[in-house]
Amino acid sequence: MSYMLQHLHNGWQVDQAILSEEDRVVIIRFGHDWDPTCMVMDETLYKCAEKMKNFAVIFLVDISEVPDFNKMYELYDPCTIMFFYRNKHIMIDLGTGNNNKINWAMEDVQEFIDIVETVFRGARKGRGLVISPKDYSTKYRY
Amino acid sequence: MPLPPALAARLAKRGLLPAGSESKPTQATSLSTPANEEVEEVFAEDYDEPMKADPDVIEPSTEIPREEPEAEEEDDTLREVPACPNRWNPYHDCTDYCRQRWGIKTWNPSDTMIRKRDRMLRKYPLPPEWQEIPDPETDRYYYWNTQTDQVSWLSPIHPNAVVTISAEKLQAVLRNDGYDKVESESDDSDEEGMEVSDSESSSSSSSDDEYDRRHEKGRISRERNKSRGGRQRDEIDPMDPASYSDIPRGGWSAGLERSGDAKTGVDSTASGPLFQQRPYPSPGAVLRANRGGK
């Protein structure tokens, strides 16, 4: 489903996409379109894109095409979701220990929409760190 | 209560001290300066010929008539050396003024030196192409290979003999080679010279073997210096991580944080509960940092 979502092809485009968005959360998926994990994630993203178009916008970035952020954002997972609001990185306490990003593929659309909504509400209030509605630590998964 | 000599000298200079006590401190100061000069002279002297004996040992020599006819013959090989005290300064070139002011140094070998030299030559006679040359600078003999133009302070077949090219030539080569090389060379020989002179001043016995032993000591100390210096350059400090792991050996700045070369965008110094609250910089800042790093 990656062909239905907008791609960004260089660092400048990523920067401008985040800068130009005034009052919506920018969701960026870093990964490869051919990666199975990313394919799952892109499916979820496409499904929820229409539903959260009022408060979120989704972009895809190929980390091989745009390697500028790999080092600084520690992008070594097959699929990474990061949230930005008004040129500011928004962290989510997912219970996984890594508050910076979602680095697994989410299959549940509603779960993802809930997370993005929490991010949006927190970021609007000026928070840099929001708490995810669901705890994704391993003790609940297994 | 006796005044310290420095204070006494100062007071005498200002006329605050009576003339009777004045003479003593001034004498002391006047004595101290030549002593200092002498010490400096020794250091600088060893720049040229590290193997040479201390002039303090030889200088108070009595003028003796030379018994050996061969020494008399070699008088024409004697170099004319001005008795300029700056001769041991490697950056000083003697001019005509030095010659006029200080005169020509006289060759006055001490009898102990002659005796030891005779003994050494009896044990280790000179090979045919070697010639004995008196050195007025040190009041000693050195040995010169007329074919290869090498010199030695000992007979070349002596086990402790160091056969090298002459210090003058070495100096000329080093001077052409570059300033820093000369510096390092002078450092080495300074250190070594100090050790040699130390050993000599401590051993005031006039045994015949002292002549040889002194040279042996000088050589050993130089070799030790050499090996010590080499180790400093090559061997790794056991506490250096490079000595027990496979990381490369770094210089002074290895491992320091450089701007734009960050491993990660987050604050890497944060730890504990702060660790999970480190936001990444915005993409614009990342791009700027990347550009700045290159």
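Residues numbered from 1 in each chain as written. Chains lettered and ligands numbered in written order. Predicted model: local features only at pLDDT ≥ 70, side-chain atom pairs only at ≥ 80, totals over all residues. Heavy atoms only, no water.

J.: Would you mind showing me how to read the overall build of chain A here?
T.: A count of helices and strands for chain A gives four helices and six strands. Taking all 142 residues of chain A together, the buried fraction comes to 51%. A fraction of 73% describes how many contacts in chain A between residues 6 or more apart in sequence connect residues 24 or more apart. Of the roughly 6,900 Å² of accessible surface on chain A, a fraction of 50% belongs to carbon and sulfur atoms. (Helix = DSSP H or I, 4+ residues; strand = E, 2+ residues; numbered from the N terminus. Buried < 20%, exposed > 50% of the residue type's maximum accessible area, 1.4 Å probe, protein only. Contact = heavy atoms within 4.5 Å. Areas by Shrake-Rupley, 256 points an atom, 1.4 Å probe, with all protein chains shown as cover.)

J.: Would you mind going over the nonpolar core with me for this structure?
T.: Residues A:Ile27, A:Leu45, A:Met52, A:Phe83, A:Ile102, A:Phe112 and A:Ile115 are the most contacted members of the largest nonpolar core, which totals 33 residues. Broken down by element, the residue count for this core peaks at eight residues, all from helix H3 (residues 109-124) of chain A. Residue contacts for A:Leu45: discarding those within four places in its chain leaves A:Leu5, A:Ile27, A:Arg29, A:Ile58, A:Leu60, A:Ile81 and A:Phe112. Ranked by size, the runner-up nonpolar core spans 21 residues in total, among them A:Val26, A:Met72, A:Tyr73 and B:Val286. (Core = buried A, V, L, I, M, F, W, Y, C linked by side-chain atoms within 4.5 Å.)

J.: Looking at this structure, how should I read the interface of chain A and chain B?
T.: Frequently, the measure chosen for interface size is the accessible area removed from exposure when the parts meet. On the chain B side, the residues contacting the 21 residues of chain A number 19 residues. Of the roughly 1,700 Å² buried between chain A and chain B on both sides combined, carbon and sulfur atoms contribute 58%. For the chain A face of the interface with chain B, the top three residues by lost area are A:Lys71, A:Met72 and A:Tyr73, together amounting to 34%. In this structure, the connection of chain A to chain B is made through zero salt bridges. Linking chain A with chain B are seven residue pairs in polar contact (both at pLDDT 80 or more), by the criterion used here. Counting only elements with at least two residues in the side of chain A that touches chain B, the list comes to helix H1 (11-20), strand S4 (79-85) and strand S5 (88-93) of chain A. For the side of chain A that touches chain B, a count of residues per class yields ten nonpolar, six polar and five charged. (Buried area = accessible area lost by both parts, 1.4 Å probe. Salt bridge = Lys/Arg side-chain N within 4 Å of Asp/Glu carboxyl O. Polar contact = N/O pair within 3.5 Å; in protein donor to acceptor, adjacent residues only side chain to side chain. Nonpolar A, V, L, I, M, F, W, Y, C, P; charged D, E, K, R; others polar.)

J.: What should I look at first to understand the sheet that holds strand S1 (residues 130-135) of chain B in this one?
T.: Strand pairing within a sheet occurs via backbone hydrogen bonds; the two strands may be parallel or antiparallel. Residue and element names in this part refer to chain B. An order of S1-S2-S3-S4 is seen for the four strands of this open sheet, with the pairing classed as antiparallel. A strand with exactly one partner marks an edge of an open sheet, and here the two such strands are S1 and strand S4 (164-165). Relative to strand S2 (residues 140-145), S1 is paired through six bridges, and the arrangement is antiparallel. Considered in S2, the bridge of Trp130 is made with Asn145. Packing of helix H6 (residues 111-123) onto the sheet brings it into contact with S1 and S2, and relative to S2 it is tilted by some 35°. (Pairing = 2+ DSSP bridges. Axes fitted to C-alpha atoms, helices over the stretch in contact; angles between N-to-C directions.)

J.: I keep staring at the pairing of S2(B) and nothing clicks. Help me out?
T.: Side-chain positions along a regular strand alternate between the two faces of the sheet. Residues and elements named next belong to chain B. In terms of burial, S2 is a largely internal element, five of the six residues being buried. Hairpin connection from S1 to S2: four residues lie between these consecutive antiparallel strands, with Asp139 at a positive phi of about 55°. In this structure, S2 lies alongside strand S3 (residues 150-152), joined through two bridges in antiparallel fashion. Bridging across to S3, Tyr143 finds its partner in Ser152. Between S2 and S3, which follow one another and run antiparallel, lie four residues, and Asp149 among them has a positive phi close to 65°.

J.: I tried to follow the sheet that holds strand S6 (residues 129-131) of chain A on my own but got confused; where do I start?
T.: All names here are of chain A. The mixed open sheet is built from six strands, whose spatial order is S1-S3-S2-S4-S5-S6. Strands at the two margins of the open sheet, each flanked by one partner only, are strand S1 (6-8) and S6. Ignoring strand direction, the axes of neighbouring strands in this sheet form an average angle of 35°. Note: S5 against S6, three bridges, orientation parallel. Paired with Asp93 across the two strands is Ile131, which belongs to S6. Lying on the sheet, H3 is in contact with strand S2 (25-31), strand S3 (56-62), S4, S5 and S6; it crosses S4 at an angle near 30°.

J.: Can you help me understand the pattern of salt bridges in this one?
T.: Once the charged atoms of two side chains with opposite charge are near each other, the side chains can pair. All names here are of chain A. The final tally for this structure, using the stated rule, is nine salt bridges over all chains. One salt bridge connects Arg29 with Asp33, and the closest N-O pair in it is separated by 2.8 Å. Among the ionic pairs, Arg29 bridges to Asp42, the shortest N-O distance being 2.8 Å. In this pair, Arg29 sits in strand S2 while Asp42 sits in helix H2 (residues 36-49), placing the two residues 13 residues apart along the sequence. Note on accessibility: Arg29 and Asp42 belong to one class, buried.

J.: It is not clear to me how the packing of aromatic side chains should be interpreted in this structure. Could you clarify?
T.: Think of a pair of aromatic rings as described by two things: how far the centres are apart, and how the planes are tilted against each other in angle. Applying the stated criterion across every chain yields a total of ten aromatic pairs over all chains. Between A:Phe69 and A:Tyr73, the ring centres sit 5.5 Å apart and the planes meet at 15°, which makes this aromatic pair stacked. Both residues of the pair, A:Phe69 and A:Tyr73, belong to the buried class. Taking 5.1 Å as the distance between ring centres and 45° as the angle between the ring planes, the aromatic pair formed by A:Tyr73 and B:Tyr280 counts as tilted. Of the two residues, A:Tyr73 sits in the loop between S3 and S4 while B:Tyr280 sits in the loop between helix H10 (241-244) and helix H11 (283-293), which places them in two different chains. Of the two residues examined, A:Tyr73 and B:Tyr280, each falls in the buried class. The ring of B:Trp102 carries the charged tip of B:Arg101 above its face, separated from the ring centre by 4.1 Å. The ring of B:Tyr141 has B:Arg117 sitting right over it, with the charged end atom 4.3 Å from the ring centre. (Phe/Tyr/Trp six-rings, centres within 6.5 Å; stacked < 30°, edge-to-face > 60°. Lys NZ or Arg CZ within 6 Å of the ring centre and 35° of its normal.)

Just distances and angles here, no functional claims.
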